Every structure is written in structure tokens, then in C-alpha cells.
Amino acid sequence: MSRSKFIFLFIILLSSILRFTWLDHFPPSLYTDEVNQGYNAYSILLTGRDEHGVLLPVSLRSFGDWKPPLQTYLIIPFIYIFGLNETAVRLPSAILGVGTVILTYFLVKELLKNNLQVNKIALLTSFLLTISPWHILQSRAAMLVVVGLFFLELGILYFIKGVIKSRLMILSFLSFSLSIYSYYGLRVITPLTILILLITYKRQLTNLLKPLFLAFLISLILLLPLIFGFLKEKDVVFGRARTVSVFYERGVKLKQWELITQDGSFSSTVITRFFHNNLYMYGRNILQRFLSHFDGRYLFFNGDQAWPFQIPNMGILYLIESITFPAGLYFLYKAKFEQRNFIMLWFIIAIIPAAFTFMTPSSNRTFTMIVPLYILVGIGFFSILKIVKNILTISAILLYGLSFYYFLHQYIVLLPRYHADWWSYGWKETVEYTRNIENKYDNIVIPDINGMPYIYYLFYNQYDPGRFQKEAVRTYVADRFGFEHVEGFGKYLFPNDFDWDFTKKYNLQSNTIYVIPNQQAAVDTDYTKAIYYPDGKIAFKIFAYD
Amino acid sequence: MRKTNLLFVVLLYSFILRFWRLGQIPPLIDQSLFLARLTNAFLSLMSVFLLYYYSKVLFKNVRLALLSAYIFAIAPWVLEQGRIYSQANVALFILLAFLTVTIKLKSLYLKLFLSSIFYFLFSISYPQFWLFKMSQFELSLNNVLNNIFIILSPEFFFFKNPTFWWGGVRDFGILYLAWLPFLLVGLNDVFVIKKPRILLWIGIVLLISVASPFFPESREFFIITPFISLIVASGIYKFFSRNDLLTRVLFFLVFVFMIYEIIQYFHYYTIHYPQQILGNRGHINEPF
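Residues numbered from 1 in each chain as written. Chains lettered and ligands numbered in written order. Predicted model: local features only at pLDDT ≥ 70, side-chain atom pairs only at ≥ 80, totals over all residues.

> In this structure, what is going on with the overall build of chain A? I would like to understand it.
For chain A, the helix and strand inventory stands at 26 helices and nine strands. For 546 residues, the compact-globule estimate of 2.2 N^0.38 gives 24 Å, and the C-alpha radius of gyration of chain A, at 25 Å, lies within 12% of that figure. The dimensions of chain A, computed from C-alpha atoms along their principal axes, are 75 × 75 × 50 Å. (Helix = DSSP H or I, 4+ residues; strand = E, 2+ residues; numbered from the N terminus. Rg over C-alpha atoms; globule rule 2.2 N^0.38 Å.)

> Is there a simple way to explain the overall build of chain B in this structure?
A tally of regular secondary structure across chain B gives 13 helices and zero strands. Traced from its N-terminal end to its C-terminal end, chain B shows the element sequence α-α-α-α-α-α-α-α-α-α-α-α-α. Computed over its C-alpha atoms, the radius of gyration of chain B comes to 19 Å, within 12% of the 19 Å expected for a compact globule of 288 residues. Based on the C-alpha atoms only, the size of chain B along its principal axes is roughly 55 × 50 × 40 Å. The long-range fraction of contacts in chain B, counting pairs at least 24 apart against all pairs at least 6 apart in sequence, stands at 76%. (Contact = placed C-beta atoms within 7 Å.)

> Can you help me understand helix α24 (residues 453-460) of chain A in this one?
Residues separated by three or four positions in an α-helix point in the same direction, a consequence of the helix having 3.6 residues per turn. All names here are of chain A. In terms of burial, α24 is largely enclosed, as eight of its eight residues are buried. Every buried residue belonging to α24 is among P453, Y454, I455, Y456, Y457, L458, F459 and Y460, and all of these are buried. Looking at the buried side of α24, the elements it contacts are α2 (32-47), α23 (427-437), α25 (465-471), β5 (484-489) and β6 (492-493). (Buried ≥ 20, exposed ≤ 12 C-beta atoms within 10 Å, placed from the backbone.)

> Honestly, the domain arrangement of chain A in this entry has me stumped. Any pointers?
When the parts come together, some accessible area is lost, and that loss is often what is quoted as the size of the interface. All names here are of chain A. We note that the domain assignment places domain 1 (112-142 + 283-417), domain 2 (143-238), domain 3 (248-282) and domain 4 (422-545) within chain A. Centre-to-centre, using C-alpha coordinates, domain 1 lies 25 Å away from domain 2. Facing 17 residues of domain 1, the contacting portion of domain 2 comprises 14 residues. When residues of the side of domain 1 that touches domain 2 are traced back to their parent elements, those giving at least two are α6 (133-139), α19 (340-349) and α20 (352-355). Top element by residues in the side of domain 1 that touches domain 2 is α19. It accounts for four residues. Classifying every residue of the side of domain 1 that touches domain 2 by side-chain character gives eleven nonpolar, five polar and one charged. (Domains from an automatic or database assignment. Nonpolar A, V, L, I, M, F, W, Y, C, P; charged D, E, K, R; others polar.)

> How should I be thinking about the packing of helix α8 (residues 141-151) of chain B against helix α11 (residues 196-210) of chain B in this particular structure?
A packed helix pair is summarised by two numbers, namely the angle formed by the two axes and the spacing between the axes. Residues and elements named next belong to chain B. Remark: α8 packs on α11, axes separated minimally by 9 Å, with the N-to-C direction vectors making an angle of 125 degrees. With respect to α11, the axis of α8 lies oblique. The handedness of the crossing between α8 and α11 is right-handed. Taking contact as the criterion, the partners of V144, N147, I148 and I151 in α8 are, on α11, L206, S209 and V210. Residues of the contact of α8 with α11, tallied by class, amount to five nonpolar, two polar and no charged. (Axes fitted to C-alpha atoms, helices over the stretch in contact; angles between N-to-C directions. Parallel < 35°, antiparallel > 145°, perpendicular 65-115°, else oblique. Left-handed = near helix turned anticlockwise from the far one by under 90°.)

> What's the story with the nonpolar core in this structure? I'm lost.
Ranked by size, the top nonpolar core spans 217 residues in total, and within it A69(B), A91(B), L175(B), I223(B) and V232(B) carry the most contacts. Ranked by the residues each element gives to this core, the list is headed by helix α7 (residues 144-162) of chain A, at 14 residues. Among residues more than four places away in sequence, those in contact with L175(B) are A75(B), P76(B), F157(B), F158(B), L183(B), I228(B) and V232(B). (Core = buried A, V, L, I, M, F, W, Y, C linked by C-beta atoms within 7 Å.)

> Even after reading the chapter, I still don't get the interface of chain B and chain A, so can you show me in this structure?
The partner chain A presents 17 residues to the 18 residues of chain B that form the contact. Looking at the side of chain B that touches chain A, the elements that each hand over two or more residues are α8, α9 (154-159) and α13 (245-278) of chain B. A class-by-class count of the residues in the side of chain B that touches chain A yields eleven nonpolar, six polar and one charged.

> Before we go on, may I ask you to explain the pairing of strand β8 (residues 529-532) of chain A in this structure?
In summary, the side chains of a regular strand alternate between the two faces of the sheet. Residues and elements named next belong to chain A. Where β8 lies against strand β9 (residues 538-545), four bridges are found, and the strand directions are antiparallel. From the neighbouring strand, A530 faces β9, where its bridge partner is K541. The antiparallel hairpin formed by β8 and β9 contains five residues in its connecting segment, where G536 sits at a positive phi of about 95 degrees. (Pairing = 2+ DSSP bridges.)

> When you look at the confidence of the model for chain B in this model, what are you seeing that I'm missing?
Caution applies to low-pLDDT parts of the model: their predicted coordinates are not meant to be read in detail. Considering every residue of chain B, the mean pLDDT works out to 90; 98% of them sit at 70 or more. Here the complex is predicted with pTM 0.94, and the ipTM for its interfaces comes to 0.93. (pLDDT = per-residue confidence, 0-100.)

> Looking at this structure, how should I read the sheet that holds β8(A)?
The pairing of strands in a sheet comes from backbone hydrogen bonds and takes either a parallel or an antiparallel form. Residue and element names in this part refer to chain A. Across the sheet, seven strands lie side by side as β4-β5-β6-β3-β7-β9-β8; this open sheet has mixed pairing. Among the strands making up the open sheet, the edge pair consists of β4 (473-478) and β8. Pairing geometry for β4 and β5, over three bridges, is antiparallel. Looking at β5, one finds that V473 is bridged to G488. Of the strands in this sheet, β3 (443-445), β7 (512-517), β8 and β9 are in contact with α23, which crosses β9 at around 15 degrees.

> Just to check I follow, could you spell out unusual backbone geometry for this structure?
Among all residues except glycine, the phi angle is most often negative; among peptide bonds, the trans geometry is most common. Residues and elements named next belong to chain A. Omega for the peptide link from F26 to P27 comes to 0 degrees, which places this bond in the cis form. In this structure, P27 sits in the loop between α1 (3-20) and α2. The phi dihedral of N313 falls on the positive side, at around 55 degrees, and the residue is not glycine. One can find N313 in the loop between α17 (296-301) and α18 (321-334). On the neighbour-count criterion, N313 (13 C-beta atoms within 10 Å) is partly exposed. The phi angle at S424 is positive, at roughly 55 degrees, despite the residue not being glycine.

> Please explain the environment of S383(A) as it appears in this structure.
Residues and elements named next belong to chain A. Within the secondary structure layout, S383 lies in helix α21 (residues 370-387). It is 32 Å that separates the C-alpha atoms of S383 and S93, two residues lying 290 residues apart in sequence. What S383 contacts, discounting residues up to four positions off in sequence, is A327 and F331.

> Which parts of the structure should I look at to understand the environment of G235(B)?
Residues and elements named next belong to chain B. Within the secondary structure, G235 is located in helix α12 (residues 225-240). Looking at G235, the number of C-beta atoms within 10 Å reads 24, which means it is buried. Taking the C-alpha atoms as reference, G235 lies 34 Å from Q276; in sequence the two are 41 residues apart.

> Just checking my understanding: could you explain the packing of α7(A) against helix α9 (residues 186-200) of chain A for this structure?
Residue and element names in this part refer to chain A. Running from N to C, α7 and α9 cross one another at 15 degrees; their axes reach a closest spacing of 11 Å. Classified by the angle between their axes, α7 and α9 sit roughly parallel to one another. For the element pair α7 and α9, the recorded crossing hand is right-handed. Counted together, G148, L152, I156 and F159 of α7 and L186, I189, T190, T193 and L197 of α9 form the full contact between these two elements. The residue inventory of the contact of α7 with α9, partitioned by class, reads six nonpolar, three polar and no charged.

> Explain the environment of L107(A) here, please?
Residues and elements named next belong to chain A. Tracing the backbone shows L107 in helix α4 (residues 86-111). Take L107: there are 24 C-beta atoms within 10 Å of it, and that puts it in the buried class. Along the chain, L107 and K440 lie 333 residues apart, while their C-alpha atoms are 60 Å from each other. Other than its neighbours up to four places away in sequence, L107 contacts E153, I156 and L157.

> So what exactly am I meant to see when it comes to the pairing of β5(A) here?
Residues and elements named next belong to chain A. Here β4 hands over to β5 after five residues, with G482 in that stretch at a positive phi of 90 degrees. In this sheet, β6 lies alongside β5 in antiparallel orientation, the contact comprising two bridges. Within β6, the position partnered with F489 by the bridge is Y492. Counting the residues that bridge the hairpin from β5 to β6 gives two residues, and of these G490 lies at a positive phi of roughly 50 degrees.

This is the structure in C-alpha cells:
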């Protein structure tokens, strides 16, 4: 076996170890969206329908949002084999995470193939992706973006190979279609990527019009269910994108109003419109959000501030990558790598959908930029290693080693112990406890806060999906944040706007269990059972009244 | 138009931008400080000329020098600091004077002598400079790194300048957003043509600025503005000297946006900024 093959196998092995081991423990609990996908996969497996009773859905209705369905369908065989549990839910992500590392190696070899050192750069890039905190975090949870990225990258790889072997073009467009079924952002990113590929390879494609047309036609047929879904329900295509967009948030409008008010008598309507028009105000805001993804504090220091995409006290990249990433940008053009413009354009378009939302910077929505970004990091690191000698090389490798150790410590020790709440910890333990005593009681009341408790009760009780589809009490009326609620099923009740203090004083029911998050019941000491976070703080208090 | 005429136009333009309604914008709280503001505006105007001369010698290119001076003259932060009494602005003038005088000097002794004069003048003109104020040097690596990322962030460069919170133009960065492509191209150019002097000064000012215990409300980083102007000008020059259609179209679009953004800034500076400053009257306890 050649040295290069051996290294590649080592990377695959390391990547698998980092992504497959203890999937049920790290991250410490299933996040609401993961549970939702897991239960819907279970429901489709047993009944052919999702929790809402829709037969083989092309878009999954989820807490008032619509989720692309591919990951849910990918979870089904794992639930069939391993049962409804954390590992089964997270396995598709982990597998495709490893798949992305492998694809990245082959993709780099294609993209930089005019470079003599391409194999070394490809190995280095896929290795750096293997130990990337951002990629590990996403691959170890059932996140839609991991599936999306895999199929997007596969589509790109087949496209580039398809330029020579035209029959691969069909596989390319098949992958692109699947990516569209994976994640909302890709409904913008994938078409733009295809457009860039078509422009990049326009000369070679002139002889491939027939296979291209055929591939396009097949992908169009594959997308027909989504198109029909859109005709029935508009939100199917872009989900809650409207409610998270910059145009929905009031910040820009308020600023505009403030400036127009300050203009007052100084100017006419025409001048006010010239200065404080929507195009400039929103354009500037969108550009600001776009560029916020290049902020060093976000990339290398504090990371994503949104739960659960945070790793305590570190960025989404290693600190040392604050040197290798800009170096990669510089050397990409200096060394005139082939397809450098494609790499840069892919990197840029991966951020575009996120720039139109008001929660920025976002590591989840921009996840597809991780591959071009690590290609740059790989090029940068490789070029630096080529320039510096001996001690500096060892220092650079040591720094990476230390950074990786620090990440593992934050992820394996700190995150589960002190930040388990980021991953909605406590529901599994709560459900298990109430399950053991629920036969003695008529009702179980769980306030509908802290995510969507009903889905945890369905998941951890492995509640019969057919029965739930009949029993579920839901109004399909969205609250002010756009969430739809389930009010109850069986003996479980999930009251919205529940006030524990009021209930305790005036409305306590007999033969009832109350599951109260600790922030509502902090002063109560007469609880039957407390559910603890790993750091010893109380997550829930359970009150059982005969 | 001849190059000397162009220089005159740049200086005239700078003069108007610095002296027009100097007593009213931003509102002058104490009329007796007008003279200080006037001196400061004059030094800012002189800085434009000094930068022209310095870049002419550095790049050996008059057009690029004119462009650098123009970019420096209209940069949002330079304009804001040039129209108030600002120690950082005076110190910047002294630094530019020092660089201009020493750029052609060969004698090390003379350079050392001039450096000591520069240090003396710098220290009396900028007593608020944190290295002169602090008796103890406290440096936390975490803070320094965080400050580096703040200073090098797109937000600071193009959207929000928090260095002078109660008295500064907060809703604009230190540069116009339209200058972003020129800054990137210029940076690459600075690396390629290997002008280590520019990078060295940027590095020194950056390190001093991020180590300030008063960061982000400190103005040491203001001293970087002429060097950034050189880079942006270098980017524009590079852009303009390319002949392909795509670059020309891109340049035209960015140029139109730049004009619009400069007009936006002037509107903001003359209409909105004075109103925002008035709300902070209570904080103004030093020459402003």
C-alpha cells in the first residue's frame, strides 16, 4: 500500500472515530429538531405517514415550520435496525459527515489537478476537515445541513468528472436534486452552484448538451413532488424563511424611521427618499450581515452564539486557522490554482442565504462554505509548511495538536457538564420518570415551554404513531414567534402560557403530575422528584398530586 | 489637467471639507475652543499634503500619490477627527511630517536625532496616548486577541466605529463600504510589490491600539488611516489600470456606489451627526 493510501485510510478511520463514537452521549441530549425528525421517521416507518397523518410527505410540517424531508427518510432504516434512539437518529449525519471528508479529498484532487502537490493538499484538507470543530459538531447531530452539504459536494464532484465521462452528469444532477430535498438554504445555493459550474466549464460543455439536457430533465422530474407541494402550500419551499428574514425584523425600519424623523424640516420627500430608501438601508444591512461571517471573533474566538451550535469558549475554527485561512486566500491566487474562481464563488454563495436572515453570523445556515473554506485553510497551511522549516513546522503542527486537544476538552468535558441545557437536556430523564408512575394518575401536565415537550414524550415513550395521529389535539394556529403547538394527546396536556404560581394557588388538580421547568418552580421545595443537569443544577421539578 | 493642478483641486476639496461651517458642525459647546478646532483642521489639511508627498516618494507614482491623498482627504474617520480638536489628529500630522522628512534620509544619526524630536513632539501633542498615560503595563492575551479581531472586523472597517462613542460618527466605519474591493486588491498589491514599510507601520499601530486598556474607546488606531488610504488608493489604481470589460463594468458600478455613499456620509455628517452629538452634551468635558 502506498504511503498516500495509508494516510487516506488513517484519515477515514480517524474521521469515523470522531463522528461515530458515543453518539448518544455527545452532544449530551437530543435537540428538539432531532427528536422531531426521529419521531417522524418512526411514524413513517410504522404508518407510512408523518405525525400529522400526511402520507409520504415531501415536506415535513414541524412546529409551524416546514422541514425538507431527506434526512427524516434517511433515518428510517437506522430506526428499523437499531430502534428509536439517539444513535439511530444521529447515524445518517455521522455517516454523511465521514462521506464529506472522503468526497473533499477527491474534490480537491479534481479542483487543483494542475498542481504538482495536489495529492498532499487534498490529504491535508481532508485531514483538517476531519478534526474541524465546526464539522464534528454538525456531523454528530441530526442536522439537515450535513446531509445537504454531502449531496451538494457529490453533485459538484460528479459534475466535474461528468465533463469527461458524460454519463456521470445524470448522477450529478440527481445529487443536486437530493440536496434540494435536504436543506432550505440549498434551494438557493444549489442552483447558484450549478450556474457557476456551467459558466466555469462552458467550453467543455458545448459537446455535452444532450447528456446535460437529459440530466436536467431527470432532476426536474425528481423535483416534481416539491413543485406540487408548493402549489398546495406556499411555505413548503422556503419554510419560515419569511419570518427570519431581514425584511421581517423591525431593526432596519426603526432606524429608517429615526433618520427620516431627524431629517425633519431639513429636506423634502424626494431628498429623504434619496438618502433613506429601502434599497440602501436593506442593502447595507444585508452586506453587513454577509460580512459578519468574516469577523474573527465569530470564526476564531467566540463562535456561533446561537444554541445548540456553540462550543464553549471557542470559535467555529481553530485560532491557528486565523493565519492559515488568510494565507490560503493569498496563495490560492498567487499560485494560480486551477478553478480558484470556482472555489471563491462557492465560498461566497454559501453565505448569501444567511445574509438575508437577521440571526447572523450563523454557522448552521452557512455550513456549506466549510468545504471551500477548508480548501483555503489546506492550501494556506500547506504553503506555510513549504516556506517555513524545521522548528516552525513542528511548532505549527504542535499548535494544531494543542488546538484539537482544547476542542476535545470543550466538547467532551465542558459542553455536557456545564452547558447541557443548550441541547435540551433533561427531557429523556423526565419522560422515563413520568412513564414509571403515570399509571397511577389521570393527567400529566407539562407547560409548553423549553422547546416542544410533546415531541419528547412521543419519542422517548415510543408512542404509537397511528394512535397519536388520531389523538393529537392541535389548532395549527401559530403563536407570535410562528410556532404551532400540540395541546395534548392521551393523558398528556401541554398548556401554552402556563403559570405555575397561579396553578399552584388556585387551580391544582388531583390525580395529576406536573412537570415544571426549574425556572418556574425555583422556590418550590415540595416536589416529588427533581431532574438534574450534569453540573448538579435542577432542570425540572416533578410534582405528583394524588 | 496637469498634476499640480490636480493636487490643488484635492487640497481645495480637503480645505472645503474641513473648514466649511467648522464652528457649527459638529456643534461647538464652548466658543473659546474654536481656535483649537481651526488649528486641528489646518493640521488635517496639511496631513493630506504630507501624505501626497510621502506616497509620491514611496510609490514613485504621482497619480497614485494624488489618489492616496484624495482617499485620505475624504475618509469618514479622517474627516470626523479633522473637524474637532483631536490629539490623535495632531499626532498623525507629526507622524506624517516625520515620515516625509525621513523617507529620503540615508544618515542613521540624523534619523535617530529626528526620531527623538518626533518622540518629544508626539508625546506633548498626544498626552492621551495610552502608553504615556499608563504607569503599569497589563496585557491579557485573550483581550489582545479579541481586540485584534474587533479592529480587523468588517463591522469596524465599514459599519460601526465605536472608538469615540459619545462624540464620534458611529453609524459609519472607518472606511466607505464601496472601498472594500479596492482594499482587498490593494492589500494583495502591497504584498506583491512588497512595500514592507506600509505593513510594518500597520502592524505597529495595530499592536499598540489593541493593547490599549481603554480599547475600544481609544483613538490610537486613527494613526493607521494614511496607510489604509495608501492601500485603498493602490487598489483603485490597480483596478483602473486593467483593461478588460468585466473589470471596467465592475469598477464603474462600484464607483457609482462610492459616489452615492460619500454623498450619504456628507448628509449623515451634516444632518444626523450634529443631532446625535447634542444628545451627548453631558459627556463633552474636554475640547471638542
